[in-house]
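Spelled out from the first residue to the last, the chains are:
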Amino acid sequence: TAKDQFGNPIANIQAGQMTFAADGTDNSFTSHGVTDTDGKTSTTFTSTTAETKTISVIIQGVKITQTASVTVKPDTTVSAAKSTLLASPTTITAGGAGSTLTVTAKDQFGNPIAGIQPGQMTFAADGTNNSFTLHGATNDKGQTTTTLTSPTAGTKTISVTITQGTTTVTKQVTITVNAASANRFMLEGATSQVAGTTNTLTITANDAHGNTATTYTGEKSLIFAGAHTSFHAVNPTVSGVDFYTET
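Draft legend 1. Structural detail: the side chain of Thr-35. Looking at where Thr-35 falls in the secondary structure, it is placed in the loop between strand S2 (27-29) and strand S3 (45-47). You can call Thr-35 buried: its relative accessible area is 2%. Here the side chain of Thr-35 touches Ile-10 through a polar contact of 2.9 Å, landing on its backbone oxygen. Ignoring any residue separated from it by four or fewer positions in sequence, one finds Thr-35 in contact with Ala-2, Ile-10, Ala-11, Asn-12, Ile-13, Met-18, Lys-40 and Thr-41.

Draft legend 2. The arrangement of the sheet that holds strand S9 (residues 99-104) in detail. In space, the four strands of this open sheet follow the order S7-S9-S12-S11, with antiparallel pairing throughout. Two strands close off the open sheet at either side, each with one partner strand: strand S7 (84-88) and strand S11 (131-132).

Draft legend 3. Looking closely at the packing of aromatic side chains. In the structure shown here, the tally under the stated rule is four aromatic pairs. An angle of 80° between the planes, with centres 5.4 Å apart, marks the rings of Phe-185 and Tyr-216 as edge-to-face. Separated by 31 residues along the polypeptide, Phe-185 in strand S15 (residues 184-188) and Tyr-216 in the loop between strand S16 (202-206) and strand S17 (223-224) bring together distant segments of the chain. Exposure remark for Tyr-216: the relative accessible area of 31% places this residue in the partly exposed category. Put simply, the rings of Phe-20, Phe-29 and Phe-45 touch in pairs and so form one group of aromatic residues.

Draft legend 4. Highlighting the sheet that holds strand S13 (residues 154-164). Pairing is mixed across the open sheet formed by four strands, whose spatial order is S8-S14-S13-S10. Strands with a single pairing partner mark the edges of an open sheet, and in this sheet they are strand S8 (91-93) and strand S10 (121-125). Taken over all neighbouring pairs, the strand axes of this sheet differ in orientation by 30° on average, direction set aside. Across eleven bridges, S13 lies against strand S14 (residues 167-178) in antiparallel orientation. Among the inter-strand pairings, Thr-157 is bridged to a residue of S14, identified as Thr-174.

Draft legend 5. Region of interest: unusual backbone geometry. For the bond from Ser-88 to Pro-89, the omega torsion is -5°, close enough to zero to count as cis. Note that Pro-89 resides in the loop between S7 and S8. Positive phi is not limited to glycine here, since Asp-26 has a value of about 55°. Considering the arrangement of structural elements, one finds Asp-26 in the loop between strand S1 (18-22) and S2. Backbone geometry places Asn-129, a non-glycine residue, at a positive phi of 60°.

Draft legend 6. Spatial organisation of the nonpolar core. Counting 20 residues, the largest nonpolar core has Val-78, Leu-85, Leu-101, Ile-116, Ile-162 and Ile-175 as the members making the most contacts within it. Taken together, the elements giving at least two residues each to this core come down to S7, S9, S10, S13 and S14. At four residues, S14 tops the list of elements feeding residues into this core. Setting aside residues no more than four positions away along its own chain, Ile-162 makes contact with Val-78, Val-103, Ala-105, Ile-116, Gln-120, Met-121, Thr-167, Thr-168 and Val-169.

Draft legend 7. Structural view of the confidence of the model for the chain. Mean pLDDT over the chain works out to 88, with 89% of the residues at or above the 70 mark. Looking over the chain, one finds the lowest element-wise mean pLDDT in strand S20 (residues 245-246), namely 41, and the highest in S9, namely 98. When the criterion is pLDDT under 50, residues 237-247 qualifies, and its contacts beyond four places in sequence or with other chains add up to 23 contacts.

Reading the values: the criteria
Residues numbered from 1 in each chain as written. Predicted model: local features only at pLDDT ≥ 70, side-chain atom pairs only at ≥ 80, totals over all residues. Heavy atoms only, no water. Helix = DSSP H or I, 4+ residues; strand = E, 2+ residues; numbered from the N terminus. Buried < 20%, exposed > 50% of the residue type's maximum accessible area, 1.4 Å probe, protein only. Polar contact = N/O pair within 3.5 Å; in protein donor to acceptor, adjacent residues only side chain to side chain. Contact = heavy atoms within 4.5 Å. Pairing = 2+ DSSP bridges. Phe/Tyr/Trp six-rings, centres within 6.5 Å; stacked < 30°, edge-to-face > 60°. Axes fitted to C-alpha atoms, helices over the stretch in contact; angles between N-to-C directions. Core = buried A, V, L, I, M, F, W, Y, C linked by side-chain atoms within 4.5 Å. pLDDT = per-residue confidence, 0-100.

What follows is the structure in structure tokens.
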């Protein structure tokens, strides 16, 4: 409402003589007309950025002292395109500290959505023996965290599904669980054989959780015990390399 110094309304102030502005970003004003006989004109303000805005107007080069404060809230519907699921680190050790998973829920404009409850979020991972810690509601940054641990080595695809009424959004991330250090050997082969025939023995280095310790490079030995070897006996070999102790 435009008025003179005595409080009288000023009609017919042209649109080009009025400039509306708001702080922050992504703000829009609709077109407005000239002031009417009551000195009034109107515009509609919209914004896609959730924050508190201070709106001002300049009329005929004079900045009006009075301003308006508007709080723009985020859209409450989660956007699959804008929301994320991140893992840190992306490589962990079986039975170790685990990977921290951070969910960031955002609306279609990229604004964080606070207050999404734990019951609206479901974490899952393929493979077996996966555990997730408890997580809370999303905070003011739209985030909540959980930690995944697993004693089973392998590549795991982790997902979080956010459900809001009929709207369901799923995000995924992949991590690698490596075997821990070897602490035992597994020896496999036939339990009996005919004299003079061969028996293939397989030795596997495993960690404490039964995963194959593929990085093991330490010492290894086989002890063969039983009847004395014959005069023409041949040393047992593994991949053509002498690998035995006779008792």
